[in-house]
Amino acid sequence: MSSSFATMLLPLIVIVGGLCLTGTVLGIHALLLGRLPGQRLARWVRQPRLWGVGVVLVSCLGFGSGTLFVIGLGLVALGHTVKPAS
């Protein structure tokens, strides 16, 4: 492995790892508390718990399974579109 490839790969790993960690923390927060931090995200998401499960699945990259990743994307979309029951 050349050193130029390693210098390009390390920032990519740090950025993707940071995004996965951020998604996991936001998803767990939404799942457990039923609300989202911040005004903008809370305004965009109608079903925080559903959205949280989807984000956790997507940020963990479906635990190595493409099917779980697609299910997570669907749950994120449903969290944005489904109206609350009450």
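Every value quoted in this text rests on a predicted model; they were computed, and no experiment measured them. (Residues numbered from 1 in each chain as written. Predicted model: local features only at pLDDT ≥ 70, side-chain atom pairs only at ≥ 80, totals over all residues. Heavy atoms only, no water.)

Help me out: how do you make sense of the side chain of Thr 24 in this one?
With respect to the element layout, Thr 24 can be found in helix 1 (residues 3-33). In this view, Thr 24 contacts Val 56, Ser 59 and Cys 60; residues no more than four positions away in its chain are not counted. (Helix = DSSP H or I, 4+ residues; strand = E, 2+ residues; numbered from the N terminus. Contact = heavy atoms within 4.5 Å.)

Just checking my understanding: could you explain the confidence of the model for the protein for this structure?
Reading predicted coordinates in detail is not appropriate for stretches of low pLDDT. Per-residue confidence for the protein averages 87 on the pLDDT scale, and 94% of its residues sit at or above 70. Mean pLDDT in the protein bottoms out at helix 2 (residues 39-44), which sits at 88, and peaks at helix 3 (residues 48-59), which reaches 91. (pLDDT = per-residue confidence, 0-100.)

How should the nonpolar core be read in this particular structure?
Of all hydrophobic cores here, the largest spans six residues; its members are Ala 30, Leu 36, Val 45, Trp 51, Val 55 and Val 76. Excluding residues within four positions of it along the chain, Val 55 makes contact with Gly 23, Gly 27 and Val 76. (Core = buried A, V, L, I, M, F, W, Y, C linked by side-chain atoms within 4.5 Å. Buried < 20%, exposed > 50% of the residue type's maximum accessible area, 1.4 Å probe, protein only.)

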